[in-house]
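# A look at the structure
Residue strings, one per chain:
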Amino acid sequence: MADVKKLYIKTYGCQMNVYDSERMAEAMGGSGYVETQDPAEADMILLNTCHIREKAAEKVYSELGRMKQLKLDKPDLKIGVTGCVAQAEGEEIMRRQPLVDLVVGPQSYHRLPEMEARVRAGEKALDTEFPIEDKFDTLRHRPKARRGPTAFLTVQEGCDKFCAFCVVPYTRGAEVSRPAGRVLEEARDLVERGVREITLLGQNVNAYHGAGEGGDWGLARLVWALSEIDGLERIRFTTSHPNDMDDDLIAAHGECAKLMPYLHLPVQSGSDRILKRMNRSHTAESYLRLIERIRAARPDILLSGDFIVGFPEETDADFQATMELIEAVNYGSAFSFKYSTRPGTPAAERPQVPEEVKTERLYRLQELITRQQRAAQDAMVGRRVGVLFEKAGRMPGQMVGKSDHLHAVHVTGDVAIGDLRQVEIIESGPNSLAGRLLSS
Ligand code: SAH
Ligand code: SF4
Ligand code: F3S
């Protein structure tokens, strides 16, 4: 097959980019490309980028610098930048890095095949329009490969919330939800291809309001409809905004057996003064009350969050309020970041916190989170949990999977990839749990 070309995609950023990379590979499949894990043998390289923090964006330029040699070795190699950096600074990329042939934003990548043809003909191609047509609909009937037991499924994109620090509303555009029927169709297709766990994705996934039978569906309704698909055993969703956590969704956490007991619910800060400046439109207190209601519905739910330290004008007292909120919630895990100035966002113009103060605060916060994470893991010892096995472990005969609460669990015994089994947790290690298979 002389015509087969190789595509290498490197994915940065959030899970939505992981999902998009899969869709881009499918789109390029129609133009005769198969994926490779080796950039040196690629005929086309796509960097699917993230713009959320300064460092994330800078990585793209250093990666492109490293690719110079590949292009010298293989003059036919085409290099493309996709994702959120492409959307935010596409023209600048083309100017700064002449070896880039193609730039396409996260809303336009269904047009990749035609752009590839132009690039092959020696042109440069740039597309960062927010199109009116549904990109997923355009990609719907592409041939798809068999796949592992877990999958992401984007149901909602974009954001209208405009937190003062965040680029997402600019890189991903306004909030849009996919019609429920399309989501269900894609989920059934995934299950037919071997998927047993689906994580629904959106920048604000719980703001989902897709057109469905009988009118507008919220996320809870969608979760319940998905739970009726035979063979789909587990449902998760991420990322959620506290203000969009409605009663139906909270109730589903208590009542829908397939909805897993893990919730990522970022709060960013525990100081009301800072939350207000962040334009978060919730308070620390309202967040804590919300957590209480969620835990009342599902007592063993494991909570996770995102935190920003050193937001402009954050004082020691503000930071202390964040530490107190973390103490009060007791997280199962959390992600934390130093505030990073993003040009064009309102917070970029405000008085900045010195770097060394950010560093020290991040260190203290992460120490607390690590302690909580460890305690949550240790508390699993002696409990029985479901584990969906995803791959072989490092030791002979060992298999690794994720528990209901999203902990990595390893066992030794007779299980296959894709098996969902009951496991008793016997030991808690630094990054994973050891379990014993219970008879099925
Ligand atoms: N939509 C999600 C978050 C998307 S971005 C939500 O609202 O929860 C993921 C995380 O990156 C955010 O939760 C925030 O903690 C972090 N983040 C976003 N912009 C940032 C910035 N300018 N500096 C540091 N961290 C940032
Ligand atoms: Fe960014 Fe805020 Fe929207 Fe999340 S809710 S994507 S942090 S603007
Ligand atoms: Fe990054 Fe874009 Fe996701 S900025 S976090 S890849 S939405």
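Computed from a predicted model, the values in this text were never measured in an experiment. (Residues numbered from 1 in each chain as written. Chains lettered and ligands numbered in written order. Predicted model: local features only at pLDDT ≥ 70, side-chain atom pairs only at ≥ 80, totals over all residues. Heavy atoms only, no water.)

## What to know about the packing of aromatic side chains
For the structure shown, the criterion picks out 4 aromatic pairs. Relative to Y170, the ring of F162 lies with its centre 5.6 Å away and its plane at 75 degrees, an arrangement referred to as edge-to-face. Between the aromatic rings of F311 and Y339, the centroid separation amounts to 5.5 Å while the plane-to-plane angle is 75 degrees, which identifies the pairing as edge-to-face. On the criterion of sequence distance, the pair formed by F311 in the loop between β15 (302-309) and α13 (316-329) and Y339 in the loop between β16 (333-338) and α14 (355-378) is long-range, its members being 28 residues apart. Here Y339 falls in the buried class, since its relative accessible area comes to 3%. One aromatic cluster in this structure is built from F165, F311 and Y339. Lying over the aromatic face of Y61, R96 brings its terminal NZ or CZ to 3.5 Å of the ring centre. (Phe/Tyr/Trp six-rings, centres within 6.5 Å; stacked < 30°, edge-to-face > 60°. Helix = DSSP H or I, 4+ residues; strand = E, 2+ residues; numbered from the N terminus. Buried < 20%, exposed > 50% of the residue type's maximum accessible area, 1.4 Å probe, protein only. Lys NZ or Arg CZ within 6 Å of the ring centre and 35° of its normal.)

## Here's the deal with the packing of helix α9 (residues 219-227) against helix α10 (residues 247-255)
For the pair α9 and α10, the least separation of the axes is 8 Å and the interaxial angle reads 30 degrees. With respect to α10, the axis of α9 lies roughly parallel. Only D248, L249, A252 and E255 of α10 make contact with α9, whose side of the interface consists of L219, A220 and W224. For the contact of α9 with α10, a count of residues per class yields 5 nonpolar, no polar and 2 charged. (Axes fitted to C-alpha atoms, helices over the stretch in contact; angles between N-to-C directions. Parallel < 35°, antiparallel > 145°, perpendicular 65-115°, else oblique. Contact = heavy atoms within 4.5 Å. Nonpolar A, V, L, I, M, F, W, Y, C, P; charged D, E, K, R; others polar.)

## Digging into the UniProt feature "binding site: [4Fe-4S] cluster 2" (unreviewed entry) in the protein
The feature "binding site: [4Fe-4S] cluster 2" (unreviewed entry), as annotated in UniProt, sits at C159, C163 and C166 in this numbering. Within the secondary structure, C159 is located in the loop between β8 (156-157) and α7 (168-171). What C159 contacts, discounting residues up to four positions off in sequence, is V168, P169, G173, A174, E175 and N204. When you line up the elements, C163 lands in the loop between β8 and α7. Residue classification places C163 among the buried positions, given a relative accessible area of 9%. Setting aside residues no more than four positions away along its own chain, C163 makes contact with M278, N279 and R280. (UniProt positions renumbered as here; feature names shortened; annotations may be inferred.)

## Some remarks on the sheet that holds strand β2 (residues 33-35)
Hydrogen bonds between backbone atoms are what pair the strands of a sheet, whose relative direction is either parallel or antiparallel. Taken together, 6 strands build an open sheet; the order of strands is β2-β1-β3-β4-β5-β6 and the sheet is parallel. Of all the strands in the sheet, the pair left with one neighbour each is β2 and β6 (125-127). Across the sheet, the mean angle from the axis of one strand to that of its neighbour is 20 degrees, orientation sign disregarded. The pairing of strand β4 (residues 78-82) with strand β5 (residues 102-104) spans 3 bridges and is parallel. Within β5, the residue paired with V81 across the bridge is V103. Here helix α2 (residues 54-66) sits on the sheet in contact with β1 (5-11), β3 (44-49) and β4, set at roughly 165 degrees to β3. Strand contacts of helix α5 (residues 112-120): β1, β2, β3, β4, β5 and β6, with the helix running at about 165 degrees to β5, the strand carrying the most contacts. (Pairing = 2+ DSSP bridges.)

## A few points about the site of ligand 1
Taken together, the neighbourhood of ligand 1 is formed by 15 residues, with F165, Q203, Q268, D306 and S340 sitting nearest. A distance of 3.2 Å separates an oxygen atom of ligand 1 from a polar atom in the side chain of R53. Q268 is positioned with one of its side-chain polar atoms (N or O) 2.7 Å from an oxygen atom of ligand 1. Burial of ligand 1 by the protein amounts to 90% of the accessible area it has alone, namely 540 Å². Elements that contribute at least two residues to the shell around ligand 1 include exactly β15 and β16. For the shell around ligand 1, the per-class residue count stands at 6 nonpolar, 4 polar and 5 charged. (Near = heavy atom within 4 Å. Polar contact = N/O pair within 3.5 Å; in protein donor to acceptor, adjacent residues only side chain to side chain. Areas by Shrake-Rupley, 256 points an atom, 1.4 Å probe, with all protein chains shown as cover.)

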